[in-house]
Amino acid sequence: MSNPCVHCGEDCANNPIIWNEKSFCCVGCKTVFQLLNENELYTYYKIDQTPGIKIDTQDFGKKYAYLDNAEIISRLYEFNEGDYRRITLFIPSIHCSSCIWLLENLNRLNKGIRQSRVNFIKKQVNISFSENEVSLRQVVELLASIHYIPNITLEDTDKRKSNQQNKKLLFKIGFAGFAFGNTMLFSFPEYIQGTLGIDEKYKILFGVLNLIFAIPVITYSAQDYLLSAFKSLKHRIINIDFPIAMGMLAIFFQSAYEIISKSGAGYMDSLCGFVFFILIGKWYQNKTYQALSFERDYKSYFPVAVTKLDGDVELSVPLEKINENDIILVHNQELIPADSILLKGDANIDYSFVTGESKPVKKHLDDMIYAGGRQIGSSIELLVKNRVEQSQLTKLWNQTEKADEPDNLNKLIDRVSKRFTVIVIGISLLAAIYWSVFNPELVIKALTSVLIVACPCAMALSIPFAYGNTMSFFGKKGFYLKNSDVVEKLTKIDTIVFDKTGTITQADMLSIDYVGDYLSDKEISMIKSLTRNSSHPFSNAISNYYKDISIISVLNYREIPSRGLIGEFDNVLLKLGSIEFVSGTTTYRNDNSSNVHLSFNGEIKGNFKIRNKYREGVDLLIENLRINFDLHLVSGDNDAEKQKLTYLFNTDKNLHFNQSPAEKKAYIQNLKNQGKNVLMIGDGLNDSGALKTADVSISIADDVYHFSPACDAILESSNIKSLTEFIKLSKSSLKIVKLSFIISFIYNIIGISFAVTGQLSPIVAAILMPLSSVSVVAFVTLFTSVVCRKLNVES
């Protein structure tokens, strides 16, 4: 009687190791179980039964001693600032949902680990940890102790690993194709023997040659499918490779028996052809996922611009055109786009985008500043040391995922695929039993054809292609999504909340006049120098108002969201902002206009009267959105333009002014508590909390993109009028995905119905299987392209 190990499922035989009334096959499995039990990680065993891998008990000794070498580990780190470290490790043994769950809960095994994220397709885990609490060697030894042994080489890069994997697959395809051609040649006389005939000795020789060719095909070319099926079966899981492996083995052993017993020619040509075409299908799907991965080069999807200094001239240039040794200017609240050296300015870097910890890090001249940090304070000048990698910024962007995401179509597909495989195996066995009674010659053909032709891959490909094609179209039209899930989230929106300044108003077209006491040249220079450090639209307007004024250094610069700016110049304290911020009182008359007041050492000198110009087409956009969505406006500005906005929104019920960032966030949360699906649209400057709280968030971007990690998408300001069309396309994409599901089910029903009759050869089934994926890909690509062309969206 079998006595399976609680951890890995291996038979404990007659000498199990008992702990807490549970059986283990070895000390290693017991140790891992105890470790997980002590840290209350019981869920690992609830996701899948016996999900672990048998442990090879060993003393690591000095195996990982090289990870104590500072020079070596510095080359492995992706981020190295203070005591915070981040590294991506390749772990080949990641194989199931329990692996993902455990590896993403490493912080419960060691408190020094801050965060861990798994990329299942690439079998990688990205780990962030505090070096003051745990070393890299200890992290690796922890992984090895639970038998997730990382494959570490200094030459490792994603591209190199990807190339190596592609080469291995191409070698397997090449050998299977070579064997297929030869076995077809040796089997050819069998197909024409009624006409020409063939000597028995040649029949036997050709059969033996076919067997010789087929053995390396099944053991080498097909090994990935066989190993995957074996591992899944060992862990009492039936994955998608299991029926394929069953079909391969059934054809091989049946054919080998016929050849050895001289009772027939077998189907080795069908086996080699099946493996050849199934590997081509796998190569095609790999290429598909590589093409749609959101960690590729983002030159077409993510056009962040930065300010490059060419002498005294400030140039706005695309991020990909920044090279090593370029000098860039980074304003308050802007992201550091590339690893750089501090040349000038007072740098306080907030690395919360990277580390999750918002405490600013003080930097000195010539210090290294890593990409992904955010400058807090006055503008700084940086010397770029490493050429910009946009994929790194977008990887960080996707790292800031919101917790407790609702179910989506991807999760539905996962559940359907698991049941699908079990049903297919059941149908194939029933077909085999039926034909074993009525026509034994069709048993193998019916069994293998059903196992091979049925495939949920077409369903799995529907979403990445439909949403990927939609993302590509969006990108060409200036709408850049964080990931493909955002497409589906947009279809569920019923409430839209707008910010005002820089969102529905045009930040670079503000009309400005100064009203107040005379300003000296020095005072004007102070105003220019203070506003130059801010990226707020009002600050930019004032800075541009004094174009040819010289810049002087500002001390103790601060920017208080929704309130104003403050800085010191030779014992002169300058404040710019709201009347309450500048004067500390509300006794001054409000003339019902957008004003930026200024004071020197507490003495109010005057104010800048700023009149907004609304973006082109925003009135038509709001009119269209009012039909299907509940619209709101929350602004940090005063209600000077309430009358205009009431006309735009056709009501003043949902218009809210003088809102602080915290109040904006609370307003969004209140809408969600009412069961609303909320889309927040802002400029990403003072509303990051609200953007992060919303179900979907869009940051509006002008010529220089102030990238906000809190948002789900970036929309070029010139295309805000097309938002209605973008939402329509998202809904159309969802319909196309659902229709592709129906096509996939119809294909499987027809294919299985034909296969159970025994009239479908395994080689034809092997061709049809990848063709089903191709047909679905062609369908979703064609139809999303047609829908995109019909939409009225300007480039």
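Residues numbered from 1 in each chain as written. Predicted model: local features only at pLDDT ≥ 70, side-chain atom pairs only at ≥ 80, totals over all residues. Heavy atoms only, no water.

K.L.:
Could you give me a rundown of the overall build of the protein, with the residues and numbers involved?
P.N.:
From N to C terminus, the protein includes 25 helices and 28 strands. Considering only contacts within the protein whose residues lie at least 6 apart along the sequence, 68% involve residues at least 24 apart. Of the roughly 36700 Å² of accessible surface on the protein, 54% is carried by carbon and sulfur atoms. (Helix = DSSP H or I, 4+ residues; strand = E, 2+ residues; numbered from the N terminus. Contact = heavy atoms within 4.5 Å. Areas by Shrake-Rupley, 256 points an atom, 1.4 Å probe, with all protein chains shown as cover.)

K.L.:
Can you explain the side chain of Gln659? Please cite residues and give values.
P.N.:
Tracing the sequence through the fold places Gln659 in the loop between strand S25 (655-656) and helix H22 (661-673). Not counting residues within four places of it along the chain, the set of residues in contact with Gln659 comprises Ser562, Val634, Ser635, Gly636 and Lys664.

K.L.:
I'd like a rundown of the sheet that holds strand S11 (residues 347-350), residues and numbers included.
P.N.:
Read across the sheet, three strands follow the order S12-S11-S14 without closing on themselves; strand pairing throughout is antiparallel. On the outer flanks of this sheet lie strand S12 (361-363) and strand S14 (374-375), each paired with one strand and no other. Sheet topology places S11 next to S12; three bridges connect them, and they run antiparallel. Looking at S12, one finds that Ala347 is bridged to Lys363. (Pairing = 2+ DSSP bridges.)

K.L.:
Now, about the side chain of Lys500: what can you tell me, with residues and values included?
P.N.:
Here Lys500 lies in the loop between strand S17 (495-498) and strand S18 (511-516). Excluding residues within four positions of it along the chain, Lys500 makes contact with Thr505, Ser594, Asn612, Tyr614, Leu633, Val634, Ser635, Asp637, Asn638, Glu641 and Leu645.

K.L.:
A description of the pattern of salt bridges should follow, citing residues and the corresponding values.
P.N.:
Opposite charge on two side chains makes pairing possible when the charged atoms of those side chains draw close. Considering all chains together, one arrives at 14 salt bridges under this definition. For the salt bridge of Asp68 with Arg137, the shortest nitrogen-to-oxygen distance reads 2.6 Å. Within this pair, whereas Asp68 is found in the loop between helix H2 (43-47) and helix H3 (70-76), its partner Arg137 is found in helix H5 (residues 136-145), the two being separated by 69 residues in sequence. Judged by relative accessible area, Asp68 falls into the partly exposed class, the value being 48%. Judged by its relative accessible area of 17%, Arg137 is buried. The closest approach of N and O atoms between Asp346 and Lys362, which form a salt bridge, is 2.1 Å. Here Asp346 is found in the loop between strand S10 (340-344) and S11, whereas its partner Lys362 is found in strand S12, with 16 residues between them in sequence. With a relative accessible area of 36%, Asp346 lands in the partly exposed category. (Salt bridge = Lys/Arg side-chain N within 4 Å of Asp/Glu carboxyl O. Buried < 20%, exposed > 50% of the residue type's maximum accessible area, 1.4 Å probe, protein only.)

K.L.:
Can you break down the packing of aromatic side chains residue by residue, with the values?
P.N.:
Applying the stated rule across the entire model yields 22 aromatic pairs. Aromatic pair Phe473 and Phe474: ring centres 6.5 Å apart, planes at 50°, arrangement tilted. Note on accessibility: Phe473 and Phe474 belong to one class, buried. An angle of 75° between the planes, with centres 6.1 Å apart, marks the rings of Phe498 and Phe649 as edge-to-face. (Phe/Tyr/Trp six-rings, centres within 6.5 Å; stacked < 30°, edge-to-face > 60°.)

K.L.:
Requested: an account of helix H7 (residues 200-221), with residues and values cited.
P.N.:
The first and last C-alpha atoms of H7 sit 31 Å apart over 22 residues, in line with the 32 Å expected at 1.5 Å per residue. Within the span of H7, buried status applies to Gly207, Asn210, Leu211, Phe213, Ala214, Val217, Ile218 and Ser221. (Expected span 1.5 Å × (residues − 1).)

K.L.:
Could you give an account of unusual backbone geometry, naming the residues involved and the relevant values?
P.N.:
The phi angle at Asn601 is positive, at roughly 55°, despite the residue not being glycine. Structurally, Asn601 can be placed in the loop between strand S22 (594-600) and strand S23 (603-611). We note that Asn658 has phi near 55°; this positive angle belongs to a residue other than glycine.

K.L.:
Go over the packing of H7 against helix H9 (residues 241-261), please, and point to the residues and values.
P.N.:
Taken N-terminus to C-terminus, the directions of H7 and H9 make an angle of 155°; their axes are 10 Å apart at the nearest point. The orientation of H7 with respect to H9, classified from their angle, is roughly antiparallel. The handedness of the crossing between H7 and H9 is left-handed. Contacts from Gly207, Val208, Leu211, Ala214, Ile215 and Ile218 in H7 reach Met248, Leu249, Phe252, Ala256, Ile259 and Ile260 in H9. (Axes fitted to C-alpha atoms, helices over the stretch in contact; angles between N-to-C directions. Parallel < 35°, antiparallel > 145°, perpendicular 65-115°, else oblique. Left-handed = near helix turned anticlockwise from the far one by under 90°.)

K.L.:
Help me get a handle on H5, residues and values and all.
P.N.:
In terms of burial, H5 is a largely internal element, seven of the ten residues being buried. Taken as a whole, H5 has its buried residues at Leu136, Arg137, Val139, Val140, Leu142, Leu143 and Ala144.

K.L.:
I'd like a rundown of the environment of Phe175, residues and numbers included.
P.N.:
Mapping Phe175 onto the fold places it in helix H6 (residues 158-192). According to the relative accessible area criterion, Phe175 is partly exposed, its value standing at 26%. In this structure the C-alpha to C-alpha distance between Phe175 and Tyr220, which are 45 residues apart in sequence, comes to 8.9 Å. Filtering out sequence-adjacent residues up to four positions away, Phe175 remains in contact with Phe213, Pro216, Val217 and Ser221.

K.L.:
Which residues make up the environment of Lys445, and what values go with them?
P.N.:
Within the secondary structure, Lys445 sits in helix H14 (residues 443-453). In this structure the C-alpha to C-alpha distance between Lys445 and Ala431, which are 14 residues apart in sequence, comes to 9.8 Å.

K.L.:
Kindly report on the sheet that holds strand S20 (residues 564-569), identifying the contributing residues and their values.
P.N.:
Pairing is antiparallel across the open sheet formed by six strands, whose spatial order is S18-S23-S22-S21-S20-S19. The open sheet has two edge strands with one neighbour each: S18 and strand S19 (555-560). The sheet shows a mean angle of 15° between the axes of neighbouring strands, taken without regard to direction. Pairing geometry for S22 and S23, over seven bridges, is antiparallel. Counterpart to Leu598 in the pairing with S23 is Gly606. Those strands touched by helix H18 (residues 537-545) are S18, S20, S22 and S23, and its axis lies near 75° from that of S18.

K.L.:
Tell me about the packing of H9 against H14, residues and numbers included.
P.N.:
At a minimum axis separation of 8 Å, H9 and H14 run at an interaxial angle of 155°. Classified by the angle between their axes, H9 and H14 sit roughly antiparallel to one another. H14 is crossed by H9, and the crossing has left-handed handedness. For the pair formed by H9 and H14, the contact residues are Pro243, Ile244, Met246, Gly247, Ala250, Ile251 and Gln254 on the first element and Ile444, Leu447, Thr448, Leu451 and Ile452 on the second.

K.L.:
Let's hear about the environment of Lys172: which residues, and what values?
P.N.:
By the element assignment, Lys172 lies in helix H6. Its relative accessible area of 6% is what places Lys172 among the buried residues.

K.L.:
If you had to explain the confidence of the model for the protein to someone new, which residues and values would you point to?
P.N.:
The share of residues in the protein with pLDDT of 70 or more is 74%, and the mean pLDDT across the chain is 77. Looking over the protein, one finds the lowest element-wise mean pLDDT in H2, namely 48, and the highest in S17, namely 93. Confidence over residues 291-303 falls short of pLDDT 50; this stretch has 41 contacts with residues more than four positions distant or in other chains. (pLDDT = per-residue confidence, 0-100.)

K.L.:
I'd love a proper account of a nonpolar patch on the surface, names of residues and values included.
P.N.:
Together, Leu739, Ile742, Ile743, Ile746 and Ile750 line one region of the surface with nonpolar side chains, adding up to about 430 Å² of accessible area. Structurally, Ile746 can be placed in helix H24 (residues 723-755). Using a relative accessible area of 44% as the deciding quantity, one classes Ile746 as partly exposed. (Patch = residues over 30% accessible without salt bridge, like charges linked within 9 Å, V, L, I, M, F, W, Y side chains within 5 Å.)

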